[in-house]
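Listed here are the chains, written in short residue letters.
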Amino acid sequence: MTTILVTGGTGTLGRLVAERLRADGHDVRVLSRHTQPYAVDLRAGGDALHAAVAGVDTIVHCASSQKGDEEAAAHLIRAARGAGVRHLVHISIVGVDQVPFRYYKSKLAVERLIEESGLGWTVLRATQFHDLLVMLFQGLSKLPVLFLPAGVRDQPVEVAEVADRLVELAAGEPAGRVEDMGGPEVRTLESLARAYLKATGRRRAVVNVPLWGAAYRGFRNGGHLTPQRATGTGTFEEYLARRYGGEQARAGRGRSRA
């Protein structure tokens, strides 16, 4: 089996990728900012990064942040070229070339760096994870009224299914840009928010608010969706049931949070 480095290997996605690769018998190195022996800030690069990639056959690049992704990717690519890495697998987001959202623009720039790197590469774009929607709704439901951007839909996907796909790609040959991966359902943001409120026992009025700007138009027009590639099977309600439990648990939370 091969030696595979997983960047962001302690995160929501990277942790599952590392676990599955180990289960398949690969020698896995987990790179993150605070986890030894490969504690590396990709935005800084340096000797620690070069040591982490030495002898690595494949890199699965799951690390991401709101700032510095392009700089981090440039450092990773430079180190990978120097170490003779054969294959760089990268997870991106559906719609990075359709929605002019700042974070999406950065992800698209990273894709282009990888395409022009001279390395063998594979890029998979996926829709938003269920976890991300829960984080969004947790923040929005702190107010008595849950305000949502009007007319926006989403297609959440189970993170474990994306991890499985990345492991499959990492075990294969460089494939370039592969087909996008989306969740099984395209839903209005309101329907997803109401499912979250029901699962957590929260009582909130839901109000859809029209917004403005190019990024909002991109989301409203569905640039971040891939209904033709609804290959995921896990639904948002199934995720909520696993995370928050059954009716009895929800009823108890509802009495404490209403």
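Residues numbered from 1 in each chain as written. Predicted model: local features only at pLDDT ≥ 70, side-chain atom pairs only at ≥ 80, totals over all residues. Heavy atoms only, no water.

Draft legend 1. Summary view of the pattern of salt bridges. Under the counting rule described, the total for this entry stands at 14 salt bridges. The partner of Arg86 in a salt bridge is Glu173, with the nearest N and O atoms 3.1 Å apart. With a gap of 87 residues between them, Arg86 in the loop between α3 (69-83) and β4 (87-93) and Glu173 in the loop between α6 (159-170) and β8 (176-177) connect regions that are remote in the sequence. On the accessibility criterion, Arg86 (30% relative accessible area) is partly exposed. When the shortest N-O distance is used, the salt bridge between Glu190 and Arg194 registers 3.0 Å. Separated by four residues within a single helix, Glu190 and Arg194 lie in helix α7 (residues 189-200), roughly one turn from each other. With relative accessibility at 26%, the residue Glu190 sits in the partly exposed group. (Salt bridge = Lys/Arg side-chain N within 4 Å of Asp/Glu carboxyl O. Helix = DSSP H or I, 4+ residues; strand = E, 2+ residues; numbered from the N terminus. Buried < 20%, exposed > 50% of the residue type's maximum accessible area, 1.4 Å probe, protein only.)

Draft legend 2. Quick look at the packing of α7 against helix α9 (residues 236-244). It is at 10 Å that the axes of α7 and α9 come closest, and there the two elements cross at 25°. Comparing their axes, α9 and α7 come out roughly parallel. When the axes of α7 and α9 are compared, the crossing they make is right-handed. Across the interface between the two elements, Leu192, Ala195, Tyr196, Ala199 and Thr200 from α7 touch Phe236, Glu237, Leu240 and Tyr244 from α9. Along the lines of polarity and charge, the residues of the contact of α7 with α9 split into seven nonpolar, one polar and one charged. (Axes fitted to C-alpha atoms, helices over the stretch in contact; angles between N-to-C directions. Parallel < 35°, antiparallel > 145°, perpendicular 65-115°, else oblique. Left-handed = near helix turned anticlockwise from the far one by under 90°. Contact = heavy atoms within 4.5 Å. Nonpolar A, V, L, I, M, F, W, Y, C, P; charged D, E, K, R; others polar.)

Draft legend 3. Local environment of the sheet that holds strand β2 (residues 27-31). If you walk across this open sheet you meet the six strands as β2-β1-β3-β4-β5-β8, and the pairing is parallel. Two strands in the sheet have a free side with no partner beyond their single neighbour: β2 and β8. Pairing between strand β1 (residues 3-7) and β2: five bridges, direction parallel. When the bridges of β2 are listed, Val6 appears paired with Val30. With respect to the sheet, α3 is in contact with β1, β3 (58-61) and β4, its orientation differing from that of β3 by roughly 170°. (Pairing = 2+ DSSP bridges.)

Draft legend 4. Representation of the side chain of Asp180 in the model. Locating Asp180 in the fold gives a position in the loop between β8 and β9 (187-188). Using a relative accessible area of 13% as the deciding quantity, one classes Asp180 as buried. In this structure the side chain of Asp180 is engaged in a polar contact, spanning 2.9 Å, whose partner is the side chain of Arg177. (Polar contact = N/O pair within 3.5 Å; in protein donor to acceptor, adjacent residues only side chain to side chain.)

Draft legend 5. Structural context of the pairing of β4. Burial analysis of β4 places seven of its seven residues in the buried class, which makes it a mostly covered element. With burial as the criterion, each face of β4 is covered, one bearing His87, Val89, Ile91 and Ile93 and the other bearing Leu88, His90 and Ser92. Looking at chain direction, β3 and β4 are connected through four bridges and run parallel. Across the sheet, the residue bridging to Val60 is Val89, located in β4. In terms of handedness, the path from β3 via α3 over to β4 forms a crossover that is right-handed. Two elements, β4 and strand β5 (residues 120-126), share seven bridges in a ladder whose sense is parallel. Within β5, the residue paired with Ile93 across the bridge is Ala126. Taken together, β4, helix α4 (residues 102-115) and β5 form a β-α-β motif whose crossover is right-handed. (Right-handed = clockwise from strand over helix to strand, strands pointing away.)

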